[in-house]
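A closer look at the structure
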Amino acid sequence: MTVLVTSLEESTGKTAVALALGAVARERGERVGYMKPKGTRLQSAVGKTLDDDPMLAREVLDLDAEIHEMEPVVYSPTFVQEAIRGREDPEALRAQVRTQFEALSADVDRLIVEGGGSLTTGGIVDLTDANLADLFEVTVVLVANFENAGDVDDVLAAADLLGDRLGGVLFNDVPDAAFDSLASDVVPFLEGRGIRVYGTIPRDEKLAGVTVSELASEMGSEVLTADTPTDSRVRRFLVGAMSAEKALGQFRRVRDAALITGGDRSDIQTVALEASGVECLLLTGGFHPPDAVLRRAEAAGVPVLLVQTDTVTTLDRAETVATERRTRDGETVERMRQLLDDYADIDAMLVE
């Protein structure tokens, strides 16, 4: 049995949903495998696989398959450009993906297939998730976010594209303000159109933001402090451009924050270390802070990260990382499983 988990767009929680379903199936006694035909979560523009999702799948599902087996196509900007120039053969790629799918399916009871990016990613080489569903002849779980009624248009368009392959829709990360209208109006409307809704999962603070370690990795930063924990979660960013006197009051009113400031602003850094809600310092411009600041940070257990970019660029990048909710680990998957238990029909999603 195979389930393909796709999404309308990036950053919908697709990976957490896919691996949570795999974990449930595994605990029920099934032999579970994982495949992500198109590697899209890359940290490089070249064809080297740096997608974290298959690596996380290996950890969570205790898999032995190699990364290149689980992820046969690295959908990098270089690959896309070569495909546009006619240097990639769609038929050969489909055959390659199909062969790998059959190999991974052979020794498991259930294969969890994760889509890449969005529902339409891969169209250049006829390997969209809709194409893959037909190629593998599998059922699709569509993960979608919901903010307002206008989002239903995208769900209907996806349903038309997927046709009979669509098993149903799972709404994830639904804000409180939209939850009631989704449940009372949208779900009945969709079901009246013949589209099954597996569940509606509310926004969960435990899945928001990024851990300090993930932020450091995504930003390509240098960690200047020794033996400071990096598993705390950052949900917001402060820019230390004010005076130290004004900063202290502001810093004491926030929680789960990272301070972004120049490495030469030791006054702001020192004040931030007095605030319990500041989880890390992200210093810009490539300027190392004084040793006294680092010693104080290590004593307080607050990591200090250093990047070469300026403050504006750093803030923009950091907010992008947080918005995309890049943090994915075993804890994230377990939390998603709990949410699925509470708000979704897991049995229906695991039945072809």
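Residues numbered from 1 in each chain as written. Predicted model: local features only at pLDDT ≥ 70, side-chain atom pairs only at ≥ 80, totals over all residues. Heavy atoms only, no water.

What about the overall build of the protein chain?
- Looking only at helices and strands, the protein chain features 15 helices and 15 strands.
- Relative to its length of 352 residues, the protein chain is compact, with a C-alpha radius of gyration of 22 Å against a globular reference of 20 Å.
- For the C-alpha atoms alone, the extent of the protein chain along its principal axes is close to 65 × 50 × 40 Å.
- Counting all 352 residues of the protein chain, 54% fall into the buried class.
- A total of about 15,600 Å² of accessible surface is found on the protein chain, and carbon and sulfur atoms cover 45% of it.
- Mean positive and mean negative side-chain charge positions of the protein chain (35 and 63 charges, respectively) differ by 3 Å. (Helix = DSSP H or I, 4+ residues; strand = E, 2+ residues; numbered from the N terminus. Rg over C-alpha atoms; globule rule 2.2 N^0.38 Å. Buried < 20%, exposed > 50% of the residue type's maximum accessible area, 1.4 Å probe, protein only. Areas by Shrake-Rupley, 256 points an atom, 1.4 Å probe, with all protein chains shown as cover. Lys, Arg positive; Asp, Glu negative; His and termini not counted. Charge placed at Lys NZ, Arg CZ, Asp CG, Glu CD.)

Quick word on the packing of helix α7 (residues 152–162) against helix α8 (residues 176–192)
- Closest axis-to-axis distance for the α7/α8 pair is 12 Å, and the angle between their directions is 20°. By the angle between their axes, α7 is roughly parallel relative to α8. By crossing handedness, the relation of α7 to α8 is classed as right-handed. Note on element contacts: α8 touches α7 through V186, F189 and L190, opposite V152, V155 and L156.
- Considering only residue class, the contact of α7 with α8 consists of six nonpolar, no polar and no charged. (Axes fitted to C-alpha atoms, helices over the stretch in contact; angles between N-to-C directions. Parallel < 35°, antiparallel > 145°, perpendicular 65-115°, else oblique. Left-handed = near helix turned anticlockwise from the far one by under 90°. Contact = heavy atoms within 4.5 Å. Nonpolar A, V, L, I, M, F, W, Y, C, P; charged D, E, K, R; others polar.)

Quick word on helix α14 (residues 330–343)
- Taking 1.5 Å as the rise per residue, α14 with 14 residues should run 20 Å; its terminal C-alpha atoms sit 20 Å apart, in good agreement.
- Looking at α14, one finds that the buried residues are T332, V333, M336, R337, L339 and L340. For α14, the angular spread of buried residues about the axis comes to 165°, placing them on one side. Counted as exposed and oriented over 90 degrees from the buried face of α14: E331 and D342. (Expected span 1.5 Å × (residues − 1). Arc of directions from axis to C-beta.)

What about the packing of aromatic side chains?
- Evaluated as defined, the whole model comprises three aromatic pairs.
- Judged by centre distance (4.0 Å) and plane angle (5°), the ring pair of F101 and F136 falls under stacked. Note that F101 is positioned in helix α5 (residues 90–105) and F136 in helix α6 (residues 129–136), a separation of 35 residues in sequence. For the residue pair F101 and F136, the accessibility class agrees, reading buried in each case.
- Centroid distance F146 to F171: 5.9 Å. Interplanar angle 80°. Geometry classified as edge-to-face. Of the two residues, F146 is situated in the loop between β6 (139–144) and α7 and F171 in strand β7 (residues 166–174); the sequence distance between them amounts to 25 residues.
- For F146, a relative accessible area of 1% gives the class buried.
- Judged by its relative accessible area of 1%, F171 is buried. (Phe/Tyr/Trp six-rings, centres within 6.5 Å; stacked < 30°, edge-to-face > 60°.)

Observations regarding the sheet that holds strand β13 (residues 257–262)
- If you walk across this open sheet you meet the five strands as β10-β15-β14-β13-β12, and the pairing is mixed. A single partner strand is all that each edge strand has here, and the edge strands are β10 (222–223) and β12 (236–239).
- Pairing of β10 with strand β15 (residues 304–306) involves two bridges; the strand directions are antiparallel. Counterpart to E222 in the pairing with β15 is L306. (Pairing = 2+ DSSP bridges.)

Comments concerning the environment of V321
- Considering the arrangement of structural elements, one finds V321 in helix α13 (residues 311–323).
- Look at V321 and you get buried, because its relative accessible area is 1%.
- Placed 103 residues apart in sequence, V321 and E218 show a C-alpha to C-alpha distance of 7.1 Å.

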